[in-house]
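Residues per chain are reported as follows:
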Amino acid sequence: QVQLVESGGGLVQAGGSLRLSCAASGTIFSINGMGWYRQAPGKQRELVAQIISGRRPNYADSVKGRFTISRDNAKNTVYLQMNSLKPEDTGVYYCNAVDIEETPDNSNYYYDYWGQGTQVTVSS
C-alpha cells in the first residue's frame with residue numbers, strides 16, 4: 001500500500017506562483033511514473049503534467065510554459081511549480097503515482113495510486 005501526501009495548495013492572486021509537493025510512502029516496489037491532475041468545478045478531470053522514468057515530461061497545452069514538473073526519485077516525491085497562475089487554473093489538484101511490482105515470472109503488476117487532492121484557487 002502506497003500513500004500519497006500532497007501539500008502546497010492555497011489561495012493566490014492571478015500572476016502569482018505556487019509549488020505543489022507530493023510524497024509517496026509505504027510499501028513501494030518501484031514507482032515508474034508520477035503526475036498531477038486537476039478538476040475544476042463543472043469540468044472533467046484532466047492531466048496537468050506527468051513524468052515517467054526514461055521519458056521527457058508531458059504537459060497539458062494550457063499549462064505549457066508556465067508549469068514545471070520535477071521528481072526526486074530518492075525521496076519518492078514529485079513537485080509541480082506553477083507560475084503565472086490564472087483563474088482558469090483553479091481546481092482540485094490530485095497527485096498520481098504508478099508503482100510496479102516485478103513478479104518472478106516477469107509478468108509485472110501495476111498499481112495506480114491517488115492523493116486526496118489539494119485545492120488551488122487563483123483570484124482575479
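This one's a predicted model, so the numbers in the text were calculated from it and none came from an experiment.

**Remarks on the state of the cysteines**
At step 1: Per the counting criterion, the structure on display carries 1 disulfide.
At step 2: Through a disulfide, Cys22 is tied to Cys95; the S-S separation comes to 2.0 Å. Here Cys22 and Cys95 share a disulfide; its torsion about the S-S bond, -85 degrees, makes the bridge left-handed. Of this pair, Cys22 sits in strand 3 (residues 18–26) while Cys95 sits in strand 9 (residues 91–101), placing them 73 residues apart in sequence. With respect to class, Cys22 is no different from Cys95; both count as buried.

**Considerations on the side chain of Arg38**
At step 1: Assignment of secondary structure puts Arg38 in strand 4 (residues 31–39).
At step 2: Within polar-contact distance, the side chain of Arg38 engages the side chain of Glu46 at 2.7 Å.
At step 3: Side-chain polar atoms of Arg38 contact the side chain of Tyr93, separated by 2.9 Å.

**Concerning the pattern of salt bridges**
At step 1: A full pass over the atoms with the stated rule returns 3 salt bridges.
At step 2: Asp89 is the partner of Arg66 in a salt bridge, and the nearest nitrogen-oxygen pair spans 2.8 Å. Taken together, the positions of Arg66 in the loop between strand 6 (58–59) and strand 7 (67–72) and Asp89 in the loop between strand 8 (77–82) and strand 9 put the pair 23 residues apart, joining distant regions of the chain. Residue Arg66 shares its accessibility class with Asp89, and that shared class is buried.
At step 3: Members of the salt-bridge network, linked through shared partners, are Arg38, Glu46, Arg66 and Asp89.

**Quick notes on unusual backbone geometry**
At step 1: Positive phi, normally seen in glycine, also occurs at Ser84, with a value near 50 degrees.
At step 2: Within the fold, Ser84 resides in the loop between strand 8 and strand 9.
At step 3: Classification of Ser84 as partly exposed rests on a relative accessible area of 41%.

**Focus on the sheet that holds strand 3**
Consider a sheet: its strands pair through backbone hydrogen bonds, and that pairing is either parallel or antiparallel.
At step 1: Within the open sheet, the 4 strands sit side by side as 1-3-8-7. Their pairing is antiparallel. The open sheet terminates on both sides in strands that have one partner only, identified here as strand 1 (2–7) and strand 7. Across the sheet, the mean angle separating the axes of adjacent strands is 15 degrees when strand polarity is ignored.
At step 2: Sheet analysis places strand 1 next to strand 3, joined by 6 bridges and oriented antiparallel. Across the sheet, the residue bridging to Gln3 is Ser25, located in strand 3.

About the criteria used
All residue numbers here refer to positions counted from 1 along the written sequence of the relevant chain. A pLDDT threshold of at least 70 governs which residues receive local features in this predicted model, and a stricter bar of 80 or more applies before side-chain atom pairs are shown or counted, although totals over entire chains, interfaces and linings include all residues. Hydrogens are left out, water is left out, and the side-chain values use all remaining heavy atoms of the structure. The definition used for a disulfide is geometric: two cysteine sulfur atoms within 2.5 Å. The numbering of helices and of strands both runs from the N terminus, where a helix is a DSSP run of H or I of at least 4 residues and a strand a run of E of at least 2. Three labels apply to residues, based on accessible area from a 1.4 Å probe with only protein chains included: buried if under 20% of the type maximum, exposed if over 50%, partly exposed otherwise in between. By the criterion applied in these results, polar contacts are pairs of N or O atoms within 3.5 Å in which, for protein atoms, one can donate a hydrogen and the other can accept it, and in which residues neighboring in sequence qualify only through two side-chain atoms. For salt bridges, the criterion is a side-chain nitrogen of Lys or Arg within 4 Å of an Asp or Glu carboxyl oxygen. DSSP calls a pair of strands paired once it identifies at least 2 bridges connecting them. To get an axis, fit a line to the C-alpha atoms, keeping to the stretch in contact for a helix; angles then go from 0 to 180 degrees between the N-to-C directions.

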